[in-house]
Amino acid sequence: MEEIPTRRRIRHPWWIAAAVSGVVIAGLVAVVTALIPLSSEAARVRLIAALSERLQGEADLREFHIRVFPSLRAEGRGLTIRHHGRHDVPPLISIEHFSAEGSLRGLLRKHVSRVTLDGLDIEIPPDRNRVDKKTDGPDEDKPGAPSQQSDAARTLVIDELRSVKARLAIIPSEAGRPPRVWDIHDMRMTSVSADGAMPFEATLTNAVPPGEITTHGSFGPWQSAEPGGTPLEGTFTFNDADLSVFKGIAGILSSHGTFGGVLERIDIHGQTETPMFEVKAGGHPVPLRTQYHAIVDGTNGNTILERIDASFLKTSIVAKGAVVGKPGKEGRTVTLDVKIDKGRLEDVLKLAVKSSSPMVGGLRLATTFVLPPGDQDVVQKLRLNGRFAISDGRFANLDVQNKINELSQRTQGKDPAQPEAKVSSRFSGAFRLGGGTLAIPEVTFDVPGAAVRLAGKYDLVPETLDFQGTLFTDAKVSQMVKGFKSLILKIVDPLFRREGGGASIPIRISGNRQNPTFGLDKGRVFSHKRKLS
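Residues numbered from 1 in each chain as written. Predicted model: local features only at pLDDT ≥ 70, side-chain atom pairs only at ≥ 80, totals over all residues. Heavy atoms only, no water.

Time to look at the overall build of the chain. Helices and strands together make up the secondary structure of the chain, namely 10 helices and 24 strands. Looking at the chain residue by residue over its 533 residues, the buried ones come to 46%. For the chain, long-range pairs separated by at least 24 residues make up 53% of all intrachain contacts whose partners lie at least 6 apart in sequence. Of the accessible surface of the chain, which amounts to about 26600 Å², a share of 55% is contributed by carbon and sulfur atoms. (Helix = DSSP H or I, 4+ residues; strand = E, 2+ residues; numbered from the N terminus. Buried < 20%, exposed > 50% of the residue type's maximum accessible area, 1.4 Å probe, protein only. Contact = heavy atoms within 4.5 Å. Areas by Shrake-Rupley, 256 points an atom, 1.4 Å probe, with all protein chains shown as cover.)

See below:
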């Protein structure tokens, strides 16, 4: 019988359960067939010794019984296996109860009719607790010489393997952190053998995000020398996944797709739907759909996202990147390159702001996206760094839009009392998001007759602004008003005169997003003039 490898641990629960169940039970039944002439107690002692030798660990079995008539049946309770005899972590494998049924005729054909596991528990320890190999001793990771029992295990076929109430736990490397747990409610495998592909079906509960997974497929044959080369293929559905466990977002996700390849390179194509996806900072649910192509390394759980196509409302997003863990650190970091080529500004703002969208328009955006692990609100730990452009922008608030219309008229030296059709605005610039603060080192805002250049920051949760910059106009300051005010302002025209004509006015925007304050940055007037001179 082959040793169960632990150095390259498989991270996907039904594949772990399939591999462990198939390998261990094949060994159990093979040993049992050799022990039939013995009494149950003698067989229990022999079985413990054989499992300890073949798994290079410490096995224990509380009860074991063999019955030959009217049909062959072996039954055991309280089986535990500690890899390398380790007592610093829970047993690698525990089985509350197991049974094997067959016939003498079937055993002659090296077939066992049915094996049932009740209460299979698999505990995968962290790397740092692994016992190092001794350089001056034998290589403990290599199985011993083949025996009659291991030969029997390789040729034995279990017609049906059933596991109920199984549990998989991956113990984190950091002390005090709870293990990642999957409850595998029901698993069924057929034609289980060491040298063949094993069809399986399973239902289980995913830990994070919590939800129900159903999967069907084929696993094996198990490659003991190179576990990562073990082939698999199948389909899956993932329902009722609650995204609210990730602070800052909410929604119930469902997914389905296909997978295939080998454990160290699992090719996955899938789709997801979240009818009421919500970023809690904004509080407006939207329907979110995605299609994705990912490559998963089943030996460590790292995922390469070849392509993600996401859409909500009238906006589409394309992304690619990776979800990778770092040695010695809990959790995984999501790193993406994200692009929006033909999006809508109002769609994105609906996710981000609590009130109705303050502006509508076309949106182009390209950014890096980094989401590290940790128990923080998504808005606080998310990091972005990119550029954007808004075309044909119009403000939803009529008062604001009217002021923009008026600004455009005045900065062209026209009469604001006779406005033309609503003007559209153009925005473009760079941005960085970190720690819940959106920093904008440069942004331009253009309307007919005026251009604004700004830099500053926006704090997402309190929704406060702090920007300063310059307003460039086609008209002089005195030309933006009529009558007596125009005569008075001719005095200050030289202060704001810019090369090529028009005016250059330092401005500041501050306050709350709902009620921003726009005004002349008086402290910069003379320094601004000196820079222009």
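With that settled, the discussion passes to the side chain of Arg-73. By secondary structure assignment, the location of Arg-73 is in strand 2 (residues 72–83). Here the side chain of Arg-73 touches Glu-101 through a polar contact of 2.5 Å, side chain to side chain. Contact partners of Arg-73, with chain neighbours within four places excluded, come to His-65, Ile-66, Arg-67, Ser-99, Ala-100 and Glu-101. (Polar contact = N/O pair within 3.5 Å; in protein donor to acceptor, adjacent residues only side chain to side chain.)

So, about the pattern of salt bridges. Taken as a whole and judged by the stated rule, the model has 13 salt bridges. Asp-118 is the salt-bridge partner of Lys-165, the closest N and O atoms lying 3.7 Å from each other. You can see Lys-165 sitting in strand 5 (residues 157–170) and its partner Asp-118 sitting in strand 4 (residues 111–124), a full 47 residues away along the chain. Taking the shortest distance from any N to any O, the salt bridge between Arg-167 and Glu-123 comes out at 2.8 Å. Highlighted residues: Arg-167 in strand 5 and Glu-123 in strand 4, separated in sequence by 44 residues. A residue is classified by how much of its surface remains accessible, and Arg-167, at 27% relative accessible area, is partly exposed. For Glu-123, a relative accessible area of 10% puts it in the buried group. Overlapping salt bridges, with partners in common, bring together Arg-73, Glu-75, Glu-101, Arg-114, Glu-160 and Arg-188 in one network. (Salt bridge = Lys/Arg side-chain N within 4 Å of Asp/Glu carboxyl O.)

We now examine the nonpolar core. Formed by 102 residues in total, the largest nonpolar core has its most connected members in Phe-64, Phe-277, Phe-388, Phe-427 and Ile-505. The element contributing the most residues to this core is strand 4, with 6 residues. (Core = buried A, V, L, I, M, F, W, Y, C linked by side-chain atoms within 4.5 Å.)

Right, let's get into unusual backbone geometry. The phi torsion of most residues other than glycine is negative, and most of the peptide bonds are trans. Following Gly-220, the chain continues into Pro-221 via a peptide bond in cis, with omega recorded as 5°. Within the secondary structure, Pro-221 is located in the loop between strand 8 (211–219) and strand 9 (231–242). We note that Lys-165 has phi near 55°; this positive angle belongs to a residue other than glycine. Its identity is not glycine, yet Leu-313 carries a phi of approximately 50°, on the positive side. Within the secondary structure, Leu-313 is located in the loop between strand 14 (303–312) and strand 15 (315–325). A relative accessible area of 43% places Leu-313 in the partly exposed class.

Here we take up the environment of Ser-113. Locating Ser-113 in the fold gives a position in strand 4. Distance in space between the C-alpha atoms of Ser-113 and Val-157 is 8.6 Å, their sequence separation being 44 residues.

The subject of this paragraph is the environment of Gly-76. Among the structural elements, Gly-76 can be located in strand 2. When the C-alpha atoms of Gly-76 and Phe-64 are compared, they prove to be 4.3 Å apart, with 12 residues separating the residues in sequence. Gly-76 has contacts with Leu-61, Glu-63, Phe-64, Glu-96, His-97 and Phe-98, leaving out every residue within four places of it along the chain.

A separate point is the pairing of strand 11 (residues 252–262). In the sheet, strand 9 pairs with strand 11 via 10 bridges, with the strands oriented antiparallel. If you follow Glu-233 over to strand 11, its bridge partner there is Gly-260. Note that strand 11 and strand 12 (residues 265–279) share 9 bridges and pair antiparallel. Paired with Thr-258 across the bridge in strand 12 is His-269. Hairpin connection, strand 11 to strand 12: the antiparallel pair is bridged by 2 residues. (Pairing = 2+ DSSP bridges.)

With that out of the way, let us pick up the confidence of the model for the chain. Here the chain averages 76 in pLDDT, while 75% of its residues score no lower than 70. Counting interchain partners and residues more than four positions distant, the pLDDT-below-50 stretch residues 1–11 has 58 contacts. (pLDDT = per-residue confidence, 0-100.)

Further remarks concern the pairing of strand 17 (residues 359–371). In this sheet, strand 17 lies alongside strand 16 (residues 332–344) in antiparallel orientation, the contact comprising 9 bridges. Bridge assignment links Gly-343 to a residue of strand 17, and that residue is Leu-363. Inspection of the sheet shows strand 17 paired to strand 18 (residues 383–395) by 11 bridges, in the antiparallel sense. Residue Gly-362 lies in a different strand from strand 18, and its bridge partner there is Ser-391.

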